[in-house]
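The residues making up each chain are set out below.
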Amino acid sequence: MNTTYTPMLREGSLTGKTVVITGGGSGLGKAMALTLLRLGARVAICSRNEEKLQKAVAELRAQSGNEEVMYAVCDVREQEQVDAALEKIRNEFGDFNALINNAAGNFVSPTERLSSRAFDVIIDIVLRGTKNLTLSAGKYWIANGIRPVSVVNIVTTYAWTGSGYVVPSAAAKAGVLAMTRSLAVEWAKYGIRFNAVAPGPFPTKGAWERLLPGDLARKFDPAARVPLRRTGRHEELADLVAYLISDYSGYVNGEVITIDGGEWLQGAGQFNGFEAVTPAQWDALQQMLKSRKK
Ligand code: HXC
Ligand code: NAP
């Protein structure tokens, strides 16, 4: 993450927002935390590894100049731990009014090689974890009349295309997307908005180590699959999420916003592979077609 870039929104745009970010101690979650802090939000990050969270809090304070960042340890798979973490956050920061469900687990594997437990562990982190946070926070927001609230769920484009070799993750992210769209309608009456963001490839240690192990990163260069021929920059995602958290997006509800340089559509358009046809080949083809017409 470029720690010196200027966020898209004006300074102070997120004053009054208190945001909980699961998995906020590393990768994209940490990048979002930095941008939100720079814009004046208070941020609570949570995940399993306390040492990592402590280090992240110190770095985020130093990089943002905003002291209002705390952590709470929890495994999102465990409802009791989630409830306790949210209670700790309320005790320190008061009521929070935004949630980013970003924690995830993933690895690549032929599906027939997965144990039942391996499949479950991904579903539990991604889908059950998102449910645990959403239900716990949602009940509190509704019972206490806290509004407006913004929830952003981090999915990915294979939530709707599906993808081999990451089947538990695809199934879980599809469930998260369905939950996003369902609650966007059901809980709008309580002033709670739900949106999802679907990133394409954004280099992070967590994702690259698990999805492109060994020499797969060289053999399957993610940038080469993207029409814009590059991977995403963390600050590009963070700016988008900051907008969805802010009141500027107050009428955006139930949307999934893709930020992938055109990657998934590249695979979807049947003739997109014609990118490989050279200008000389096009000249020859057109001449052939024209002469046939004559
Ligand atoms: C097959 C595997 C495996 C692998 C673990 N397992 N890794 N099976 N291939 N590479 C199996 C284990 O053998 C075990 O099953 C079961 O999964 C649980 O493993 P544990 O190590 O006990 O689980 P745990 O300690 O809870 O760790 C969870 C984890 C780990 C998911 C396995 O990788 C993790 O903590 N990940 C968190 C961060 C993360 O994954 N970040 C990437 C997000 S990227 P058995 O039967 O042996 O007990 C992302 C990008 C999406 O989501 C889109 C990209 C475009
Ligand atoms: P990452 O750094 O590995 O982030 C995953 C985070 O989730 C970690 O901070 C981890 O912290 C936390 N986590 C995992 N299991 C948890 C659990 N059981 N309880 C609580 N926290 C848990 O990877 P990333 O690339 O930044 O991914 C962030 C999000 O972006 C994920 O939702 C991912 O699916 C999505 N995404 C990423 C990409 C990409 O290219 N990077 C593309 C599409 C979507 P602990 O280990 O401390 O628990």
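Residues numbered from 1 in each chain as written. Chains lettered and ligands numbered in written order. Predicted model: local features only at pLDDT ≥ 70, side-chain atom pairs only at ≥ 80, totals over all residues. Heavy atoms only, no water.

### Some points on the packing of helix α1 (residues 27–38) against helix α2 (residues 50–64)
Between two packed helices, what matters for the description is the angle formed by their axes and the separation of those axes. For clarity, the cut-off: Note on geometry: axes are C-alpha line fits, over the in-contact stretch for helices, and angles between N-to-C directions span 0 to 180 degrees. Where helices and strands are cited, they refer to DSSP runs of H or I of at least four residues and of E of at least two residues respectively, numbered from the N terminus. Angular relationships are summarised with four words: roughly parallel below 35 degrees, roughly antiparallel beyond 145, roughly perpendicular across 65 to 115, and oblique for the angles in between. If you view the pair so one helix is near and one far, a crossing is left-handed when the near helix is turned anticlockwise from the far one by less than a right angle, and right-handed when it is turned clockwise. For this analysis, residues touch if any pair of their heavy atoms sits within 4.5 Å. Put simply, Ala, Val, Leu, Ile, Met, Phe, Trp, Tyr, Cys and Pro go in the nonpolar bin, Asp, Glu, Lys and Arg in the charged bin, and everything else, Gly too, in the polar bin.
Contact pair α1 / α2: the axes reach a minimum separation of 9 Å and the direction vectors enclose 40°. Taken together, the axes of α1 and α2 are oblique relative to one another. Judged by the sense of rotation from one axis to the other, the crossing of α1 with α2 is right-handed. Only A56, E59, L60, Q63 and S64 of α2 make contact with α1, whose side of the interface consists of K30, A33, L34, L37 and R38. Class assignment for the residues of the contact of α1 with α2 results in 5 nonpolar, 2 polar and 3 charged.

### Regarding unusual backbone geometry
Glycine aside, the phi torsion of most residues is negative, and most peptide linkages are trans. Spelled out, the test is: Here's how the labels work: a residue is buried when its accessible area is under 20% of the maximum for its type, exposed when over 50%, partly exposed in between, all with a 1.4 Å probe on protein chains only.
Of the consecutive residues R147 and P148, the connecting peptide bond is found in the cis state with omega at -5°. In this fold, P148 is placed in the loop between α4 (116–144) and β5 (149–154). Phi at Y165 takes a positive value of approximately 70°, unusual for a residue other than glycine. Mapped onto the secondary structure, Y165 falls in the loop between α5 (158–161) and α6 (167–186). Exposure remark for Y165: the relative accessible area of 55% places this residue in the exposed category. We note that R229 has phi near 60°; this positive angle belongs to a residue other than glycine. Note on placement: R229 falls in the loop between α8 (216–219) and α9 (234–245). Judged by its relative accessible area of 45%, R229 falls in the partly exposed class.

### Details of the side chain of D260
How we decide: Charge assignment in this entry is limited to Lys and Arg as positive and Asp and Glu as negative, and neither His nor the chain termini are counted. A pair is scored as a salt bridge if a Lys or Arg side-chain nitrogen falls within 4 Å of a carboxyl oxygen belonging to Asp or Glu. The term polar contact refers here to a pair of N or O atoms within 3.5 Å; inside protein, the definition further demands a hydrogen-donor-capable atom paired with an acceptor-capable atom, and it admits residues adjacent in sequence only when both atoms are side-chain atoms.
Its place among the elements puts D260 in the loop between β7 (256–259) and α10 (263–268). Summary of buried charges: D260 has no salt-bridge partner, and the nearest side chain of opposite charge, R225, is 7.7 Å away. Within polar-contact distance, the side chain of D260 engages the backbone nitrogen of G262 at 2.9 Å. Within polar-contact distance, the side chain of D260 engages the backbone nitrogen of W264 at 2.9 Å. When residues no more than four places from it in sequence are discounted, the contact partners of D260 are T157, P199, G200 and V226.

### Side note on the side chain of S249
Along the chain, S249 falls in the loop between α9 and β7. The class of S249 is buried, set by a relative accessible area of 0%. In terms of polar contacts, S249 uses its side chain to reach the backbone carbonyl oxygen of Y243, at 2.8 Å. At 3.1 Å, the side chain of S249 forms a polar contact with the backbone oxygen of L244. Setting aside anything within four residues of it in sequence, one finds S249 in contact with R193, Y243 and L244.

### Concerning the site of ligand 2
Our working definition: Note on terminology: near, applied to a residue and a molecule or strand, indicates that one of the residue's heavy atoms is within 4 Å of it. All accessible areas in this document rest on Shrake-Rupley with a 1.4 Å probe, and a residue is counted as covered only by the protein chains that are shown.
As a matter of local geometry, ligand 2 sits amid 28 residues, with S26, S47, R48, N102 and T204 nearest to it. One nitrogen or oxygen atom from the side chain of R77 is found 3.5 Å from a nitrogen atom belonging to ligand 2. Starting from 880 Å² of accessible surface for ligand 2 in isolation, the protein chains cover 90%. Residue assignment for the shell around ligand 2 shows that the elements contributing at least two residues are α1 and α7 (205–211). In terms of residues, the shell around ligand 2 owes the most to one element, α7, which gives 3 residues. For the shell around ligand 2, the residue count by class is 13 nonpolar, 10 polar and 5 charged.

### Things to note about the site of ligand 1
Residues in close proximity to ligand 1 total 18 residues, the closest being R48, N106, S115, R117 and R210. In the environment of ligand 1, an oxygen atom lies 2.8 Å from a nitrogen or oxygen atom belonging to the side chain of R48. The separation between an oxygen atom of ligand 1 and a polar side-chain atom of S115 is 2.6 Å. Across the complex, the protein chains shield 61% of the 1,100 Å² of accessible surface that ligand 1 would expose by itself. Mapped by element, the contributors of at least two residues to the shell around ligand 1 are α4 and α7. Grouping the amino acids of the shell around ligand 1 by side-chain chemistry returns 9 nonpolar, 5 polar and 4 charged.

### Re α2
Quick note on the threshold: Here, expected helix span is obtained from the residue count minus one, scaled by 1.5 Å. The arc in question is formed by the directions pointing from the helix axis toward the C-beta atoms.
Between its first and last C-alpha atoms α2 spans 21 Å; for 15 residues at 1.5 Å apiece the expected length is 21 Å, and the two agree. Every buried residue belonging to α2 is among L53, A56, V57, L60 and S64, and all of these are buried. End-on view of α2: buried residues confined to an arc of 105°, all on one side of the axis. Away from its buried face, by an angle of more than 90 degrees, α2 presents the exposed residues E51, K55 and A62. Against the buried residues of α2 lie α1, β2 (42–47) and β3 (69–73). With a side-chain oxygen positioned 3.2 Å from the backbone nitrogen of E51, the residue opening α2 is N49. After α2 finishes, the residue G65 shows a positive phi value of roughly 75°.

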